[in-house]
Amino acid sequence: MSIQSDVNALVTDDGRSTGSQGHMDAKRYLIDRLSALSVEPYKAEAFEIGYHANGRDYSNIIAMIDGTDPDLAPVLLGAHYDAVEGTPGADDNAAAVAILLDVAGKLEPHTFKRSVIFAFFDAEEPPNFLSTSMGSIRFFEDQREDDIHCAIIMDLVGHDVPMEGFEDLVFVTGMESHPGLADTIESVIPFDGIRVLPLLNEYVGDLSDHHIFRVNEVPYLFLSCGIWAHYHRETDTPDKLNYSKAGTIAGFVSSLAEDISNRSLVGSSDGYDPSEIEARYINETLRSVLPPGGISGRNQIDQLVRTITDQFGIG
C-alpha cells in the first residue's frame, strides 16, 4: 500500500466527522490495515479502544511495536483520523494517518531501542477540540499504560506550503519541551527532500493533539505544513496533496523516532531557550527573503514569525 492509496481509501463523499458512515469506514479500514502489519494492539484485546464522553461513543485506534528494550518508556507517533463535518479531510488529516501507516509498515519489531506507539486519535476536530471528548486527551488520561518518552504528532502534513520558493517547508514546534530534542533536530536535519523550520509552539498555540502532552510536560514535537486555502473546506481533496513530500516526511518521522529512542531526555526544560538554534535554521532556510546578515535573538524571531503567520498559520 502507498500513502496515496491510503489517503484515497480514507477520503469518502461522506467525510469522516465523528459518528458518520465515513468515520466508521475509516475506523474499520485502519483496523484492517494494522492487522496486516508487524504491529500489535496497544492493549491486548484489540486495536480499537473505545470511550464514552458527552453522551457519545468514540474510538482511538492504538497499535504498538516492540523495541529492543520494551521496559523503557515508548515513543508515541500520533495523528487524528476524524475530519471536520462536510469536508473530505485529505490533508486534515488523512495524509498524516497515511504517513503513520507507512512508518508502521516499514518498521520491524526490535528495530528501535524503545517501543513505538502508533496512535490514531479520534475526535480532534470541533466540537471536540480541547474538550473532555478529544481522543488524545482520553488516551493520555484514561487509556495510557506507560509513561511516554516523547510524542511526535502530525497534522496538515500532506500539502505544499503556500509560499513561493518554500513549498517543501515543514514546520516543527516543541523543540523547547526538552533540550535533548535540539540534539535530535540537529542530528536528523538537513533531510533530503524537505526543509525543516523549528519554531516555538507558543507562536501558534496548541492546534492539535500535542496539547495534552505539552501541558503534562511530556517532551513532544509537532509537525505541520501550515494552514492553507483548503483548510476545513470541501476542497480538501486527495488531488491537492504532494505525495512525494508526504513520503519524505514519513522517512523524517521515522528518523526522528529512532534518534529520540536513543536519547534519555531526562531533566527539565525550565529556563531552556532554543532561540540560537531557531535563528540558525531560519537564516539557513529563509536566507533569500531575510535582510542582509539574517536575524538573531528572540525579539527578531518574534517579529519574523508574526510576519509569516500573517500570511498562513502552522497547524
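Presented here is a report on the structure given in the accompanying data block. Starting from 1, residues in each chain are numbered consecutively following that chain's sequence as written. Residues qualify for local features only when their pLDDT is at least 70, as the model is predicted, and side-chain atom pairs are given and counted only at 80 or more; totals for whole chains, interfaces and linings, by contrast, use all residues. Where side-chain values are given, they derive from all heavy atoms of the structure, hydrogens and water being excluded.

## Quick look at the overall build of the protein
Reasoning step 1: Per the convention used, a helix needs a DSSP run of H or I reaching at least four residues, while a strand needs a run of E reaching at least two, with both numbered from the N terminus. When you go through the protein residue by residue, the secondary structure sums to nine helices and nine strands.
Reasoning step 2: Relative to the compact-globule value of 20 Å for 315 residues, the protein shows a C-alpha radius of gyration of 18 Å, a close match.
Reasoning step 3: Overall, the protein is about 55 × 45 × 35 Å in size when its C-alpha atoms are taken along their principal axes.
Reasoning step 4: Accessible area is worked out with a 1.4 Å probe on protein chains only. A residue is then buried under 20% of its type maximum, exposed over 50%, and partly exposed in between. Looking at the protein as a whole, 59% of its 315 residues qualify as buried.
Reasoning step 5: The long-range share in the protein, meaning contacts at least 24 apart out of those at least 6 apart in sequence, stands at 79%.
Reasoning step 6: The method behind every accessible area is Shrake-Rupley, applied with a 1.4 Å probe, and residues are considered shielded solely by the protein chains displayed. As displayed, the protein offers around 12600 Å² of accessible surface, 45% of which is attributable to carbon and sulfur atoms.
Reasoning step 7: We treat Lys and Arg as the positive residues and Asp and Glu as the negative residues; His and chain ends play no part in the count. Each charge is placed at NZ for Lys, CZ for Arg, CG for Asp and CD for Glu. Looking at the protein, you have 21 positive and 51 negative side-chain charges, and the mean spots of the two groups are 2 Å apart. Restricting the calculation to C-alpha atoms gives the radius of gyration, and the globule rule supplies 2.2 Å times the number of residues raised to the power 0.38. The contact rule is simple, with two residues in contact once any of their heavy atoms fall within 4.5 Å.

## Let's talk about the pattern of salt bridges
Reasoning step 1: For salt bridges, the criterion is a side-chain nitrogen of Lys or Arg within 4 Å of an Asp or Glu carboxyl oxygen. Within this structure, the stated rule accounts for 15 salt bridges.
Reasoning step 2: Here aspartate 147 ties to arginine 144 by a salt bridge, and the two come within 3.9 Å at their closest N and O atoms.
Reasoning step 3: A residue is classified by how much of its surface remains accessible, and aspartate 147, at 60% relative accessible area, is exposed.
Reasoning step 4: Owing to a relative accessible area of 27%, arginine 144 belongs among the partly exposed residues under this scheme.
Reasoning step 5: Between lysine 240 and aspartate 239 there is a salt bridge whose closest N-O contact spans 3.8 Å.

## Concerning the packing of aromatic side chains
Reasoning step 1: To pair, rings of Phe, Tyr and Trp, with the six-membered ring standing in for Trp, must have centres within 6.5 Å; the planes then decide the type, stacked if under 30 degrees apart, edge-to-face if over 60, and tilted in the middle. Tallied over the full model, the rule gives five aromatic pairs.
Reasoning step 2: Here phenylalanine 140 and phenylalanine 213 contribute two aromatic rings whose centre-to-centre distance is 5.6 Å and whose plane-to-plane angle is 90 degrees, an arrangement assigned as edge-to-face. Residue phenylalanine 140 is located in helix H4 (residues 135-143), and its partner phenylalanine 213 is located in helix H6 (residues 211-215); the two are separated by 73 residues in the primary sequence. As far as the burial class goes, phenylalanine 140 and phenylalanine 213 line up, both buried.
Reasoning step 3: Connected via pairs of aromatic rings, a cluster forms that spans Tyr42, Phe121 and Phe139.
Reasoning step 4: Note that arginine 280 overlies the ring of tyrosine 281, its terminal NZ or CZ placed 5.3 Å from the centroid. Any Lys NZ or Arg CZ found within 6 Å of a ring centre and within 35 degrees of that ring's normal is scored as a charge over the ring.

## Observations regarding the side chain of threonine 285
Reasoning step 1: Along the chain, threonine 285 turns up in helix H8 (residues 275-285).
Reasoning step 2: N or O atoms closer than or at 3.5 Å make up a polar contact, with two conditions inside protein: a donor-capable atom paired with an acceptor-capable one, and, for residues adjacent in sequence, both atoms drawn from side chains. At 2.8 Å, the side chain of threonine 285 forms a polar contact with the backbone oxygen of tyrosine 281.
Reasoning step 3: Contact partners of threonine 285, with chain neighbours within four places excluded, come to Phe166, Leu169, Arg195, Val196 and Leu197.

## Remarks on the state of the cysteines
Reasoning step 1: In what follows, a disulfide is any cysteine sulfur pair within 2.5 Å. Taken as a whole, this structure holds zero disulfides when the rule is applied.
Reasoning step 2: Cysteine cysteine 150 remains unbridged, with the sulfur of cysteine 225 as its closest cysteine sulfur at 19 Å.
Reasoning step 3: A residue is classified by how much of its surface remains accessible, and cysteine 225, at 0% relative accessible area, is buried.

## A short note on the packing of helix H1 (residues 3-10) against helix H3 (residues 90-106)
Reasoning step 1: Note on geometry: axes are C-alpha line fits, over the in-contact stretch for helices, and angles between N-to-C directions span 0 to 180 degrees. One way to put it is that H1 packs onto H3 with a least axis distance of 8 Å and a crossing angle of 135 degrees. Classified by the angle between their axes, H1 and H3 sit oblique to one another. Remark: the crossing between H1 and H3 carries right-handed chirality. Taking contact as the criterion, the partners of Ile3, Asp6, Val7 and Leu10 in H1 are, on H3, Ala90, Ala94, Ala95, Val97, Ala98, Ile99, Leu101 and Asp102.
Reasoning step 2: Tallied by class, the residues present in the contact of H1 with H3 amount to 10 nonpolar, no polar and two charged. Should an angle lie under 35 degrees it is considered roughly parallel, over 145 roughly antiparallel, and from 65 to 115 roughly perpendicular; all remaining angles are considered oblique. Each crossing gets its hand from how the near helix is turned against the far one by less than a right angle, where anticlockwise is left-handed and clockwise is right-handed. Note on residue classes: Ala, Val, Leu, Ile, Met, Phe, Trp, Tyr, Cys and Pro are nonpolar, Asp, Glu, Lys and Arg are charged, and everything else, Gly too, is polar.

The quantities given are spatial measurements derived from coordinates; they are silent on function.
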